[in-house]
Protein chains: 2
Amino acid sequence: MPLTVDQAHYLFAVMRLGAGARVALFNGRDGEWTAEVVEAGKKSGRLRCLGQAAPQLDPPDLWLLFAPIKKERTDFIVEKAAELGCAKILPVQTEFTNAQRIRQDRLQAHALEAAEQCLGTYVPEVCDLQPLAAVLKGWDPARRLLWGDESLVGPAETLAGLSPGPWAILIGPEGGFSEPERARLRGLDFVTPVSLGPRILRADTAACAAITLWQSALGDWR
Amino acid sequence: MPLTVDQAHYLFAVMRLGAGARVALFNGRDGEWTAEVVEAGKKSGRLRCLGQAAPQLDPPDLWLLFAPIKKERTDFIVEKAAELGCAKILPVQTEFTNAQRIRQDRLQAHALEAAEQCLGTYVPEVCDLQPLAAVLKGWDPARRLLWGDESLVGPAETLAGLSPGPWAILIGPEGGFSEPERARLRGLDFVTPVSLGPRILRADTAACAAITLWQSALGDWR
């Protein structure tokens, strides 16, 4: 298979691989494959697949909705969602979200890098920024929404009683959700508010904790 | 109460507070207090306590042992351990740990900042770097040790069957533990190996996930 300029640069200029070197490949569908370098050029190259090294591991049908915060913490949330096993990542604009746009391509590259680093074979799609109200308006109620409600500081509910199936997790920005947003969320049948313990967590910490709790109760960590 | 030079600089030069302004105080023992600025100087100042705003919230008796990794990720682990509720943080040197020393003062300041940001009233002590072997040698077996064993990639065990009490969590460096370290850990009665799901996690992700699982099963998130 032929390589793109970026891939050739990384393998042959950065990693300094030559013909005959072994490389692990994944395309998001067919698991991990072992390949051999056949041609190594400055801007191009070719690999030959030798065989499958590991089966495809898809995450459960879990989406993460989060309000983008500062650059480093937004990067971090995308990385952790990819590592902990989310199928799709939806940045959403809430009333207290400062971000007007996101670098979708950069965040998608972060998700890819997280999968590569952790020997994953699945890269979650990172969607473009959308207003939370619009996302909720078009929501399929068959997908339940676990809402990290920062007003519920206290013992974390156990998620063990919830039923498996398509889910999403919603994490707010610093400052939480506005009162109209909270009223809207409370009025939606598919929304389950949840506490994340007796301490107030930053948005990135809340995302990690909520995904972990969901994965261990309803996901593929069971 | 009198302020240090750093505190006065932060309140009066950075935050530009003046006499009469309200400030939230905590000392790690007596909860959160509301205070008023009485004197605001360039390098000094005085506050007067008005009353307690929130009771002290101590974390459960949970320690985090981790092998320091790259600077940003080490900072991150300390921050998340403080937010998620650890009582003490012990950086440990394993065979595959590159770090020979840590900036203990900087990490302690990170733990303090995390508590301030999250309206916490407890700051976990960050110990200096110690060899894992020495820590295990002096270990009180009454404290159980939950070992994030990266060889156990698969369904995460439920922690619900474990007994409460003093615990610690051990997270390895990138590259995991050496075979002699693994044999040592497997031979210790107070050690419980645990899987953190079917994906390989970075050390910082593993620390967040393990603390979350422990808190929800055995800690104060119940």
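These numbers come from a predicted model, not from an experiment. Each chain has its residues counted from 1, running along the sequence as written. Starting at A for chains and at 1 for ligands, labels are handed out in the order in which the entities are written. Where local features are concerned, this predicted model is filtered to residues with pLDDT of at least 70; where side-chain atom pairs are given and counted, the filter is 80 or more; whole-chain, interface and lining totals use all residues. Calculated side-chain values reflect all of the structure's heavy atoms, with hydrogen atoms and water omitted.

In the numbering used here, UniProt assigns the feature "domain: Ribosomal RNA small subunit methyltransferase E PUA-like" (unreviewed entry) to residues 3-44 of chain A. In this description a helix means any DSSP run of H or I spanning at least four residues, a strand means any run of E spanning at least two, and both kinds are numbered starting from the N terminus. Annotated as 24% helix and 33% strand, the span residues 3-44 of chain A places its first and last C-alpha atoms 6 Å apart. UniProt positions are given in the numbering used here, feature names are shortened, and annotations may be inferred rather than shown by experiment.

All copies are superposed by least squares; the fitting set is the C-alpha atoms of residues with a pLDDT of at least 70 in both. Superposing chain A onto chain B requires a rotation of 180° together with a translation of 0.0 Å along the rotation axis, leaving an RMSD of 0.0 Å. When the rotation and shift are considered jointly, the pair of chain copies conforms to a two-fold rotation axis. We call two residues in contact whenever any of their non-hydrogen atoms come within 4.5 Å of each other. A symmetric contact is evident, with 100% of the interface residues of chain A recurring at the interface of chain B.

Turning our attention to unusual backbone geometry. All names here are of chain B. Of note, R16 is a non-glycine position whose phi angle comes to about 55°, a positive value. For R16, the location among the structural elements is in the loop between α1 (5-14) and β1 (22-26). Here the term buried applies to any residue with accessible area under 20% of the maximum for its type, exposed to any over 50%, and partly exposed to those in between, with areas from a 1.4 Å probe on protein chains only. By relative accessible area, which is 70% here, R16 ends up exposed. With a phi close to 55°, L119 is a non-glycine residue in the positive phi region. Along the chain, L119 falls in the loop between α3 (104-117) and β6 (125-126). With relative accessibility at 56%, the residue L119 sits in the exposed group.

Residues and elements named next belong to chain B. Any two strands are treated as partners once DSSP identifies two or more bridges connecting them. Pairing is antiparallel in the open sheet, where 3 strands are placed in the order β1-β2-β3. In the strand order of this sheet, the two ends are held by β1 and β3 (45-54), each with one partner. Taking the axes of each pair of neighbouring strands and ignoring which way they run, one obtains an average angle of 35° across the sheet. Bridge count between strand β2 (residues 32-40) and β3: 8 bridges; the pairing is antiparallel. Its bridge partner being in β3, A40 is matched across the sheet by G45. As a rule, the C-alpha atoms of each element are fitted with a line to give its axis, helices using only the stretch in contact, and angles between N-to-C directions run from 0 to 180 degrees.

Before going further, it helps to spend a moment on the layout of surface pockets. Over the atoms, a rolling probe the size of a water molecule traces out where space has been left empty. Cavities and pockets are found on a 1 Å grid laid over the protein atoms alone: a cavity is a set of points where a 1.4 Å probe fits but cannot escape, a pocket is an open set with protein on both sides within 12 Å along at least five of seven lines, and a lining residue has an atom within 4 Å of such a point. Grid points are joined across faces, edges and corners, and a volume is the space filled by probe spheres set on the points. In this structure, the largest pocket spans a volume of roughly 1,300 Å³. Forming the boundary of the largest pocket are 49 residues, of which R73, F76, R202 and D204 of chain A together with E79 of chain B lie nearest the centre. The residue inventory of the lining of the largest pocket, partitioned by class, reads 16 nonpolar, 10 polar and 23 charged. When residue character is reported, Ala, Val, Leu, Ile, Met, Phe, Trp, Tyr, Cys and Pro are called nonpolar, Asp, Glu, Lys and Arg charged, and the others, Gly included, polar.

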